[in-house]
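One-letter residues, chain by chain:
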Amino acid sequence: MTNHAGFAAEDAVTGAVPAAAQAGRHFSPFMAGRRGTDCKKAAAPPVHVDLAGAGVTIPGSWLDSMRASSPRHAKPVVGAEHDEWMEKHPSALAMFESIAAAAKGKEIVVFLDYDGTLSPIVADPDRAVMTHDMREAVRAVSKHFPTAIVSGRCIDKVFDFVKLEELYYAGSHGMDIRGPTAAASEYHHSMNANQQGGGGEDAVVTCQPAAEFLPVIDEVYQVLKGRMASIAGALVENNKFCLSVHYRCVDEAEWGALDAEVRAVMEGYPDLRLTKGRKVLEIRPVIDWDKGSALQFLLKSLGYKGRNDVFPIYIGDDRTDEDAFKVLRNMGQGIGILVTKFPKETTASYTLREPSEVKEFLRKLVKPTPKSNETKG
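Naming follows an unreviewed UniProt entry, where the chain appears as Trehalose 6-phosphate phosphatase of Oryza brachyantha. Taken verbatim from the UniProt record of the chain, the Function (unreviewed entry) comment is "Removes the phosphate from trehalose 6-phosphate to produce free trehalose. Trehalose accumulation in plant may improve abiotic stress tolerance."

Take a look at the structure:
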C-alpha cells in the first residue's frame, strides 16, 4: 500500500531512476547519453498561502470564460493568422529531428498529462480510457527515460486508467506525488539500496503539500454534490486534493446557474480557489503549488536540479499544463508540447493535434534507427 501520510518540507523518500537502456535495446537519438541516476533527497519549496482574492470572480467574465473553454465557441483562426501561430508553435512530429538534435547527449525526462493527452476528452470522465497501444507506447518510453503522469485527477483514478507501476504519478494537479513501487520496478536496479531503513512496497517518492486541506475539501465536496443535484448533467468529481465540477453535459442555458452555485459555495471557504479547465471548474487549496511545481519537485528528486544536461519533455492539453510549460521556458531547458486542434495562447514550444499524434511522438522517442556501421554487402 502507498503511504498517504502528509508531506513535510524536509521529507522526501529516496528512490531510483530507471536505468539507461541496456545493451541490446534499440537506440534512438534520444537515448544518446542516457545513464542511470539515483534519486536524491529533495525538499519541497515552502508553501505560501495567500488568501487575498481567493474564490473572487466577476460573474460575467467568468461565464464568458466558461464559454471560451468550449471549442464551438472558439473564434476560428484561419489564413495568415493560423500560419503565424503554427510558425511559432510547429508540430512536434514535423520538427522531430530538430528536437532530437537539441536533446542529443542529454538526460531525457518525460512528463505526460492524461485527459486529452493520453486519452480523448469524453463526456463521462470515468470513461476516459487509454488504448492498449497508447499504454504500450508509454511503457516503452518509461523503460528508457524517467516518465511521470501529471494529472488533475487523483493518483488512484489515473493509475486505474494507466496501470503502469513503473511510472511516477503526480495527481491532483501535482499536489499528490508518488514514484514507482519497489515490487514493480525491475529495472530500478538500485531500489533496495535506496530504501534501506524503510519503504517496503511504498512509493519511492512521496509529496503531499496540501495534506492539511483534506478535511475541508471533503466538506466542500459534500456541499457541492447537494448543490449540483438540481442541475442536469453536472458532475462533481473528488480528486482528493482538488474538486472538479464538470459541465460538459450541462445545457448551456444552465451554465450561469451552475457558476452561481459554485461561487456561492466558494464564498464560505476562503482557503480554496476556483480555476477552470476544458469544460470543468476546479477547486484547489490556495497554496503556491501547481503542475509546474510538481515538475520542479520531480526533477529535483531525480537529482537533476542545477544540471544543464537534462532535457524535460512535457506534453499536455489544458490550461493547468501552462504552469509546467512556463517552468520549462524559464529554465531554458527541454520543451513543452501543447495538444490542441485549435490555435490558442500558450507558452509551449510545439504542438500535437490529438492523442494519436502523442502516441506517434512517444513511439519515435524510442524508435530504432539504422546503425551507421551495419555490414555492407
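Additional details are given in the paragraphs that follow.
Here we look at the sheet that holds strand β8 (residues 272–277)
In space, the four strands of this open sheet follow the order β6-β7-β9-β8, with antiparallel pairing throughout. Taken across any chain shown, the strands that pair with only one partner, and hence form the sheet edges, are β6 (235–238) and β8. The mean angle between the axes of side-by-side strands here comes to 20°, regardless of whether they run parallel or antiparallel. Relative to strand β9 (residues 280–285), β8 runs antiparallel, the two sharing six bridges.

A few points about the packing of aromatic side chains
Going through the model one piece at a time under the given rule, you end up with seven aromatic pairs. Through a chain of ring-to-ring contacts, three or more aromatic side chains come together here, namely F111, Y314 and F325. A cation over an aromatic ring shows up here: K364 above the ring of F96, its NZ or CZ 4.8 Å from the ring centre.

What about the state of the cysteines?
Counted under the stated rule, the structure contains zero disulfides. There is no disulfide at C242, and the cysteine sulfur nearest it, in C154, is 8.5 Å away. Taking relative accessible area as the criterion, C242 reaches 0% and is therefore assigned buried.

Digging into the sheet that holds strand β3 (residues 168–171)
Taking strand neighbours across the sheet as the criterion, the eight strands line up as β5-β4-β3-β2-β1-β10-β11-β12 in an open arrangement whose pairing is mixed. On the outer flanks of this sheet lie β5 (206–207) and β12 (350–352), each paired with one strand and no other. Pairing geometry for strand β11 (residues 335–339) and β12, over three bridges, is parallel. Across the sheet, L338 pairs through a bridge with T351, a residue of β12.

Overview of the side chain of H173
Structurally, H173 is set in the loop between β3 and β4 (176–178). At a separation of 3.0 Å, a polar atom in the side chain of H173 contacts the side chain of E282. Those residues within four positions of H173 in sequence are excluded, and the remaining contacts are S151, G152, C242, E282, R284, W289, D290, K291 and T320.

A few points about helix α7 (residues 214–228)
For α7, which comprises 15 residues, the first-to-last C-alpha distance of 21 Å matches the rise-based estimate of 21 Å (1.5 Å per residue) to within 8%. Of all the residues in α7, the buried ones are I217, V220, Y221, L224 and M228. Summarising the axial view, the buried residues of α7 lie within an arc of 110°, below the 170-degree limit, and thus occupy one face. Exposed residues on α7 whose side chains face more than 90 degrees from its buried face are P215 and G226. Structurally, α7 contributes buried residues whose contacts are with β6, β7 (243–246), α8 (255–266), β8 and β9.

Rules used in this analysis
- Residues numbered from 1 in each chain as written.
- Predicted model: local features only at pLDDT ≥ 70, side-chain atom pairs only at ≥ 80, totals over all residues.
- Heavy atoms only, no water.
- UniProt positions renumbered as here; feature names shortened; annotations may be inferred.
- Pairing = 2+ DSSP bridges.
- Helix = DSSP H or I, 4+ residues; strand = E, 2+ residues; numbered from the N terminus.
- Axes fitted to C-alpha atoms, helices over the stretch in contact; angles between N-to-C directions.
- Phe/Tyr/Trp six-rings, centres within 6.5 Å; stacked < 30°, edge-to-face > 60°.
- Lys NZ or Arg CZ within 6 Å of the ring centre and 35° of its normal.
- Disulfide = S-S within 2.5 Å.
- Buried < 20%, exposed > 50% of the residue type's maximum accessible area, 1.4 Å probe, protein only.
- Polar contact = N/O pair within 3.5 Å; in protein donor to acceptor, adjacent residues only side chain to side chain.
- Contact = heavy atoms within 4.5 Å.
- Expected span 1.5 Å × (residues − 1).
- Arc of directions from axis to C-beta.

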